[in-house]
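# Per-entry structural report
Chain by chain, the residues run as shown.
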Amino acid sequence: MAVPPRGRVSSGKAQPAAPAAPSTSCAALTPPPRPAMALPAAAYEAAVPPRPACAYTSCYCEENVWKLCDYIRSQHQYPLEEFYAVFISNDSRMIPLWKQKSGHGDEPVVWDYHVILLHVSSGKQNFIYDLDTVLPFPCPFDVYSVEAFRLDDSLRPEFHRKIRMIRADLYLKTFASDRSHMKDANGKWQKPPPSYPCIETAGSSKKALIPSSFCPLIRLQDELG
């Protein structure tokens, strides 16, 4: 398969070079340690509204996550420091994820990158917020890891995932995008942009956000320990 063009695109089909890996109980990435205080998992309350009420634009996951962080900051329900924007990509910009809305059955979708939100909860479970998954929203970390990430062992090296975790408060301060990475060589949108203005923060200059700018990335397999 050719390297995807600039911007987030999905083949919508399983890739021959990335066969479906068996489910595993191992976590695909290791979150930071939980705070000392523990609450029953059943007591967890979502940090954002139900999925249909969240700001969402298909193929603009980095902005969707920024909007989630912004909402969480405004509500003061949880400490913002418990949340992380998680960038997933690799040098080939081909990363398979399962249980995506644009997928078919148990076939993976191959993105050039994807961004999700991690909540390192004070309870017994951590949670993933992914507006592009068919899994629950939010989804318990262990469930998302098994169902969406799976393991790199059954994948060719060019499909191995790398991650970069960015604390939500830093992400809100420094993220910016002029969305130019979502235009083709003729300046046409590959996917329709969000209706709101480009995100530009005081701590950043407005520029296209490319996942490789968040180097160094960490191999998911290395996080298994």
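Each chain carries its own residue numbering, running from 1 in the direction its sequence is written. Selection of residues for local features in this predicted model requires a pLDDT of at least 70, selection of side-chain atom pairs for listing and counting requires 80 or more, and totals for whole chains, interfaces and linings are taken over all residues. Hydrogens are left out, water is left out, and the side-chain values use all remaining heavy atoms of the structure.

## Details of the overall build of the protein
For clarity, the threshold we go by: Put simply, DSSP marks the helices as runs of H or I at least four residues long and the strands as runs of E at least two long, and each gets a number from the N terminus on. Working definition: with a 1.4 Å probe on protein chains only, accessible area under 20% of the residue-type maximum means buried, over 50% means exposed, and in between means partly exposed. We call two residues in contact when some of their heavy atoms are within 4.5 Å.
In terms of helices and strands, the protein carries three helices and eight strands. Along the protein, from the amino end to the carboxyl end, the secondary structure elements read α-β-β-β-β-β-β-α-β-α-β. Residue burial in the protein is summarised as follows: out of 225 residues, 49% are buried. Look at the contacts in the protein between residues 6 or more apart in sequence, and 77% of them connect residues 24 or more apart.

## Things to note about the confidence of the model for the protein
For clarity, the cut-off: Confidence scores labelled pLDDT are given residue by residue by the predictor and lie between 0 and 100.
This prediction gives the protein a mean pLDDT of 78; 71% of its residues lie at or above 70. With pLDDT under 50 throughout, residues 1-28 is counted as low confidence; its partners more than four residues away or in other chains account for 82 contacts. Considering only residues more than four positions removed or in separate chains, one finds that residues 210-218, a stretch of pLDDT under 50, has 19 contacts.

## Topic: the packing of aromatic side chains
Note the cut-off: A pair of aromatic rings is counted whenever rings of Phe, Tyr or Trp (Trp by its six-membered ring) have centres within 6.5 Å, and the orientation is called stacked for planes under 30 degrees apart, edge-to-face for over 60 and tilted otherwise.
The full count for this structure, using the stated rule, is seven aromatic pairs. When the ring of Tyr-44 is compared with that of Phe-127, the centres are 3.8 Å apart and the planes differ by 10 degrees; the resulting orientation is stacked. Placement of Tyr-44 in the segment before α1 (61-75) and of Phe-127 in strand β5 (residues 127-129) is noted, with a sequence separation of 83 residues between them. By relative accessible area, which is 17% here, Tyr-44 ends up buried. Overall, the relative accessible area of 7% leaves Phe-127 in the buried class.

## Re α1
Under the convention used in this document: Expected helix span is taken as 1.5 Å per residue step, with the number of steps being one fewer than the number of residues.
Taking 1.5 Å of rise per residue, 15 residues should cover 21 Å, and α1 covers 21 Å from first to last C-alpha, within 8% of that figure. For α1, the complete set of buried residues consists of Cys-61, Glu-62, Glu-63, Asn-64, Val-65, Trp-66, Leu-68, Cys-69 and Ile-72. On its buried face, α1 is in contact with β1 (83-89), β4 (114-119), β5 and α3 (168-174). His-76 sits one or two positions beyond α1 and adopts a positive phi of about 60 degrees.

## Description of the nonpolar core
Note the following rule: The set of buried Ala, Val, Leu, Ile, Met, Phe, Trp, Tyr and Cys residues whose side-chain atoms join them within 4.5 Å is what this entry labels a nonpolar core.
Core analysis: the biggest nonpolar cluster contains 29 residues, and Val-48, Leu-68, Phe-83, Leu-117, Tyr-129 and Tyr-171 have the highest contact counts within it. Looking at this core, the elements that each hand over two or more residues are α1, β1, β4, β5 and α3. Of the residues forming this core, the biggest block, six residues, is contributed by α1. Ignoring any residue separated from it by four or fewer positions in sequence, one finds Tyr-129 in contact with Tyr-44, Ala-46, Ala-47, Val-48, Leu-68, Phe-83, Ile-116, Leu-117, His-119, Phe-137 and Pro-138.

## With respect to the pairing of β1
Note the cut-off: In this scheme, strands are said to pair when DSSP sees at least two bridges between them.
Taken across its seven residues, β1 has seven buried, putting it largely inside the fold. Judged by which residues are buried, β1 turns out to be covered on both faces: Phe-83, Ala-85, Phe-87 and Ser-89 on one side and Tyr-84, Val-86 and Ile-88 on the other are all buried. Pairing analysis gives six bridges linking β1 to β4, with the strands arranged antiparallel. Bridging from a neighbouring strand, Ala-85 pairs with Leu-117 of β4. Two strands pair when backbone bridges link them, and β1 and strand β7 (residues 162-167) are joined in this way by six bridges, in the antiparallel orientation.

## Regarding unusual backbone geometry
Omega for the peptide link from Phe-137 to Pro-138 comes to -5 degrees, which places this bond in the cis form. With respect to the helices and strands, the residue Pro-138 is situated in the loop between β5 and β6 (139-140). The phi dihedral of Cys-59 falls on the positive side, at around 75 degrees, and the residue is not glycine. In this structure, Cys-59 sits in the segment before α1. For Lys-99, which is not a glycine, the phi torsion comes out positive at approximately 60 degrees. Relative to the helices and strands, Lys-99 is located in the loop between β2 (95-97) and β3 (109-111). On the accessibility criterion, Lys-99 (24% relative accessible area) is partly exposed.

## Side note on helix α2 (residues 141-149)
For α2, every residue scored as buried is listed here: Phe-141, Tyr-144, Ser-145, Val-146, Ala-148 and Phe-149. Close packing links the buried residues of α2 with β1, β2, β4, β5 and β6. Looking at the residues trailing α2, positive phi occurs at Arg-150, about 60 degrees.

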